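Listed here are the chains, written in short residue letters.
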Amino acid sequence: MNSIKILRGSMIIFSYNILQIIFFPIIFFIASFRIIFNKENFTSFGQKFLCNYNFSQFDDFEYLIHFASIGELNSINYLIENLSSKKVLLTCSTLSSYNLAKQKYQNYSVIFLPLDFRWNINKFLHHIKIKKIIWIDSEIWPNWLTISNNKKIKNILVNGRLSNKSFSKWKNFSSFSKLLGSKYSLIFAKGLEDKKKFEIIFDREVLYHGNLKFYQKLNLKNDKKNIICFASIHREEFENVIQIIKNLDLNSIEQIIIIPRHIHFGSKLKSMIKSFYSNKIFIIEKFGENDVAYENSKLTFMGGSLFEHGGQNPIEPLSKGCFVLSGQYVNNFSEIYTDLEDLSLAKVFNEKNNQEIGSAINKYIDMKLDNEANIKNYFNLNIKQLSSIIYKVEEC
């Protein structure tokens, strides 16, 4: 029975690669247009699609750590600081994460990871010698896992998470997912719910030793002004947020900060609020300003929660002492939001009623924050086992 499942999984990988060959010209053509719209540049395009690097600049590496975007980049601090070997190659997928990583980790090599095409991966691993690949979050790439595993490179998934949508998708390809799961030497989930999901789709042991995103510098102040931040707001939520703001008592609020999930949509948001624009409303259109916004804000409303996206991670504003608010769609972070509501550190609105949300914010904005002890205890609880991740990664 196991041999039949392995054969089925192998056939899916074979079909996957055939489809890549067939559709590569179309993918290449579409990717070229991403340069025009500033979603790629010539460096990212060359490295991701053509595996075009100056290989002579690279030494051998103990680890390759891959983070797809800024969210995953913010998870790797603990690994960088605590892995005994500093021979680490950092790879990413987006321009924003590349630029921030270059700024944050100036003593490390930062590049774009080649996309999951067999010819790219073989070329990359021929020129760059790596012992272990650490994948952050939800990175499951069939060719990368298969080829690196065949070359005796250890694959380790850290802070693994699966959205409900991805979980359902992988369950439909049981043989394929179990085959890919066997390619990892170690899997660490970011929470107990994700641990169960990975155990189901991969049919193997999955570990939980805390969540890397909780390894953050806390900056807690209880004397904050009446400022609310709407963070990681998706374009699909712009109209809802505008309606919520229209129901706010601006006499009680000193400032409203809005951080679009994709900052290039900031101008669109500005045009939408032009009719009632106030000098109290400030839209962030640059990377790297989120922390300051959270430090100043008493309340933070997390986006991705007013439509069926699954919510956004509330850990960053929480680390700056904010009381966190969210819409009803938080299934990707339901475990965290349940904890936060139990600790009186957050409120999830169970109905999509912009008027009621606005009225509730008017009450919360005048609250006196007294959350420092609960936040510290919650963060300490979630990072106290992280050293076990380092130990197991280095031992495998």
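Residues numbered from 1 in each chain as written. Predicted model: local features only at pLDDT ≥ 70, side-chain atom pairs only at ≥ 80, totals over all residues. Heavy atoms only, no water.

### A short note on the sheet that holds strand S5 (residues 154–160)
The criterion, for reference: Two strands form a pair only when DSSP identifies at least two bridges running between them. Strands here are runs of E lasting at least two residues and helices are runs of H or I lasting at least four, both read from the DSSP assignment and numbered beginning at the N terminus. Under this scheme, a helix contributes an axis fitted over its contacting stretch, all axes are lines through C-alpha atoms, and angles between N-to-C directions fall in the 0 to 180 degree range. It only takes one pair of heavy atoms within 4.5 Å for two residues to be counted as in contact.
If you trace the 6 strands from one edge of the open sheet to the other, you get S3-S2-S1-S4-S5-S6, paired in parallel fashion. The open sheet has two free edges, formed respectively by strand S3 (109–112) and strand S6 (184–189), since each of these has just one partner strand. Here the strands of the sheet are splayed against their neighbours by 20 degrees on average, with no regard to which way each runs. Contacts from helix H5 (residues 95–104) reach strand S2 (88–92) and S3 within the one sheet, and its direction differs from that of S3 by about 175 degrees. Sheet strands touched by helix H7 (residues 142–150): strand S4 (130–136), S5 and S6. Its angle to S4, the strand with the most contacts, is close to 155 degrees.

### Here's the deal with the sheet that holds strand S7 (residues 227–233)
Taking strand neighbours across the sheet as the criterion, the 6 strands line up as S9-S8-S7-S10-S11-S12 in an open arrangement whose pairing is parallel. Across the chains shown, the open sheet's two edge strands, defined by having one partner strand only, are strand S9 (281–283) and strand S12 (346–348). Adjacent strand axes in the sheet meet at a mean angle of 20 degrees, parallel and antiparallel pairs treated alike. Two strands pair when backbone bridges link them, and S7 and strand S10 (residues 299–302) are joined in this way by 4 bridges, in the parallel orientation.

### Here we look at the pairing of S5
We count it as follows: Exposure classes here rest on a 1.4 Å probe applied to the protein chains alone. A residue is buried below 20% of its type maximum, exposed above 50%, and partly exposed in between. We call a crossover right-handed when, viewed with both strands directed away from the observer, the connection leading from the first strand over the helix to the second proceeds clockwise.
Burial runs high along S5: 6 of the 7 residues are buried. Relative to S5, S4 is paired through 5 bridges, and the arrangement is parallel. For Lys 132, the partnering residue across the bridge sits in S5 and is Lys 154. Once you follow S4 into H7 and on to S5, the crossover reads as right-handed. When S5 meets S6, the two strands line up parallel, connected through 4 bridges. If you follow Leu 157 over to S6, its bridge partner there is Ile 187.

### Focus: helix H2 (residues 42–50)
Put simply, the test is: In protein, a polar contact means a hydrogen-donor-capable atom and an acceptor-capable atom, both N or O and within 3.5 Å, with residues adjacent in sequence counting only if both atoms are side-chain atoms; elsewhere, any N or O pair within 3.5 Å suffices.
Every buried residue of H2 is listed here: Ser 44, Phe 45, Gly 46, Gln 47, Lys 48 and Phe 49. Between the side-chain oxygen at the start of H2 and the backbone nitrogen of Thr 43 there is a gap of 3.0 Å, and the oxygen is on Asn 41. Positive phi shows up at Cys 51, right after H2, with a value of about 50 degrees.

### Remarks on the nonpolar core
To be explicit about the condition: Think of a nonpolar core as a cluster: buried Ala, Val, Leu, Ile, Met, Phe, Trp, Tyr and Cys residues, connected wherever their side-chain atoms sit within 4.5 Å.
Membership of the largest hydrophobic core comes to 36 residues, with the highest contact counts inside it found for Phe 124, Ile 140 and Phe 198. Breaking this core down by element, the ones donating at least two residues are strand S1 (61–66), helix H6 (118–127), S4, H7, helix H8 (164–171), helix H9 (174–181), S6 and helix H10 (192–202). Among all residues touching Phe 124, those that are not within four sequence positions of it are Cys 51, Tyr 53, Phe 55, Leu 64, Leu 89, Ile 111, Pro 114, Ile 130 and Trp 144.

### Observations concerning the environment of Phe 333
Mapped onto the fold, Phe 333 is located in the loop between strand S11 (323–326) and helix H15 (334–342). With 106 residues separating them along the chain, Phe 333 and Ile 227 place their C-alpha atoms 25 Å apart.

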